[in-house]
Amino acid sequence: MRAYLALFGAGFQRQTTYRLAMAAGLVTNAFFGVVRTAVFFALYRERDQVAGMDVADALTYVWVLEGLFGVVWAPWFWELAESIRSGEFVAELLRPGDPYLRLLAFDLGRTSSVLVLRTGPTVALAGLVLPLRLPDSPGGLALLAVSLVLTALVGFQFRFLFASAAFWTPDYRSLFMLVFPLLWLTAGFVIPVDFFPGVLRTLIEASPL
């Protein structure tokens, strides 16, 4: 366990060294968040609710999504695949412990850095100027913390699966490009899942996305 905790800390420390990249990510999140906010303000100017969501729900969706973008589609997306393709991944197989758990611990450390330095400020600043609907009770905050951990775990698993394709094909990026549009849509990034037709919405809500 101490080894995995050390890897978690190393991952956190490594990610915090990329300060310019973190600042660029914050600016990018803010830009697209403002664009999406304008779109939803235009939509809700004509009606009070859409698919059971009011404007506060929609804006919360926008800014939480922007905050979590760097958690799921992490900037280090292709590092593992490139190490497999180059053969550097062999070193991971020679180290003690479970290679999957080592990668997970290091990745969660990096993700925690993103959550603290990118997700938190993005959502907090938006909440100061917009009517976001965020949890304000201990139970709600606990559920939010659990959901963020699950988000990090699901994000890592998807990145690990895509990277593992490099074991069997040098053209692993093409597999990603084939699956990516479907993930982009069903994960609720394009539009809220609440806006989907009934049967499709039920299927997507039952998935880990």
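Summary of the structure given here. (Residues numbered from 1 in each chain as written. Predicted model: local features only at pLDDT ≥ 70, side-chain atom pairs only at ≥ 80, totals over all residues. Heavy atoms only, no water.)

**Regarding the layout of surface pockets**
Phase 1 of the analysis: Put simply, the second largest pocket is a space of about 570 Å³.
Phase 2 of the analysis: Surrounding the second largest pocket, 21 residues form its lining, Glu79, Leu80, Glu92, Leu103 and Phe106 being those nearest its centre.
Phase 3 of the analysis: Taken together, the elements giving at least two residues each to the lining of the second largest pocket come down to α1 (2-16), α4 (79-86), α5 (90-94), α6 (99-129) and α7 (138-164).
Phase 4 of the analysis: In the lining of the second largest pocket, the residues fall into 11 nonpolar, one polar and nine charged. (1 Å grid on protein atoms, 1.4 Å probe; cavity = no way out; pocket = protein on both sides within 12 Å on 5 of 7 lines; lining within 4 Å. Points joined across faces, edges and corners; volume = space filled by probe spheres on them. Helix = DSSP H or I, 4+ residues; strand = E, 2+ residues; numbered from the N terminus. Nonpolar A, V, L, I, M, F, W, Y, C, P; charged D, E, K, R; others polar.)

**Section: the packing of aromatic side chains**
The description of two aromatic rings rests on the distance between their centres and on the angle between their planes.
Phase 1 of the analysis: A complete count under the given rule lists nine aromatic pairs for this structure.
Phase 2 of the analysis: Seen in terms of ring centroids, Phe31 and Phe32 are 5.2 Å apart; in terms of plane orientation they differ by 80°. Their pairing is edge-to-face.
Phase 3 of the analysis: Between the aromatic rings of Phe156 and Phe160, the centroid separation amounts to 5.9 Å while the plane-to-plane angle is 35°, which identifies the pairing as tilted. Taken as a pair, Phe156 and Phe160 lie in helix α7 at a separation of four residues, close to a single helical turn.
Phase 4 of the analysis: Among the aromatic residues, ring-to-ring pairing joins Phe40, Tyr61 and Phe195 into one connected group.
Phase 5 of the analysis: The ring centre of Phe189 lies 4.5 Å from the NZ or CZ of Arg36, which sits over that ring. (Phe/Tyr/Trp six-rings, centres within 6.5 Å; stacked < 30°, edge-to-face > 60°. Lys NZ or Arg CZ within 6 Å of the ring centre and 35° of its normal.)

**A few points about the packing of α4 against α7**
Phase 1 of the analysis: Where α4 meets α7, the closest approach of the two axes is 8 Å, and the angle between their N-to-C directions is 25°. The angle between the axes of α4 and α7 places the two elements in the roughly parallel class. When the axes of α4 and α7 are compared, the crossing they make is right-handed. Every residue of α7 that contacts α4 at Leu80, Ala81 and Ile84 is listed here: Phe160, Ala163 and Ser164.
Phase 2 of the analysis: Grouping the constituent residues of the contact of α4 with α7 by class yields five nonpolar, one polar and no charged. (Axes fitted to C-alpha atoms, helices over the stretch in contact; angles between N-to-C directions. Parallel < 35°, antiparallel > 145°, perpendicular 65-115°, else oblique. Left-handed = near helix turned anticlockwise from the far one by under 90°. Contact = heavy atoms within 4.5 Å.)

**Digging into the pattern of salt bridges**
Phase 1 of the analysis: Under the criterion given, the structure shown has eight salt bridges.
Phase 2 of the analysis: For Arg133, the salt bridge is made with Asp57, and the minimal N-O distance between the two is 2.6 Å. Of this pair, Arg133 sits in the loop between α6 and α7 while Asp57 sits in helix α3 (residues 55-72), and the two are 76 residues apart along the sequence.
Phase 3 of the analysis: Linked through salt bridges whose partners overlap, the residues forming this network are Arg14, Glu79 and Arg110. (Salt bridge = Lys/Arg side-chain N within 4 Å of Asp/Glu carboxyl O.)

**Side note on the nonpolar core**
Phase 1 of the analysis: Residues Phe40 and Leu80 are the most contacted members of the largest nonpolar core, which totals 33 residues.
Phase 2 of the analysis: Of all elements in the fold, only α2 (19-44), α3, α4, α6, α7 and α8 (172-186) reach the threshold of two or more residues within this core.
Phase 3 of the analysis: Setting aside anything within four residues of it in sequence, one finds Leu80 in contact with Phe89, Leu103, Phe160 and Ala163.
Phase 4 of the analysis: Among the nonpolar cores identified, the runner-up in size contains seven residues, and Leu68, Val71, Ala74 and Trp76 belong to it. (Core = buried A, V, L, I, M, F, W, Y, C linked by side-chain atoms within 4.5 Å. Buried < 20%, exposed > 50% of the residue type's maximum accessible area, 1.4 Å probe, protein only.)

**Here's the deal with the packing of α6 against α7**
Two packed helices can be described by the angle between their axes and the distance between those axes.
Phase 1 of the analysis: Running from N to C, α6 and α7 cross one another at 125°; their axes reach a closest spacing of 10 Å. In terms of their interaxial angle, α6 and α7 are classed as oblique. Remark: the crossing between α6 and α7 carries right-handed chirality. Within the contact between the two elements, α6 uses Tyr100, Leu103, Leu104, Asp107, Leu108, Thr111 and Leu115 and α7 uses Leu148, Ala152, Leu153, Phe156, Gln157, Arg159 and Phe160.
Phase 2 of the analysis: Tallied by class, residues from the contact of α6 with α7 come to 10 nonpolar, two polar and two charged.

Coordinates in, geometry out; function isn't part of it.
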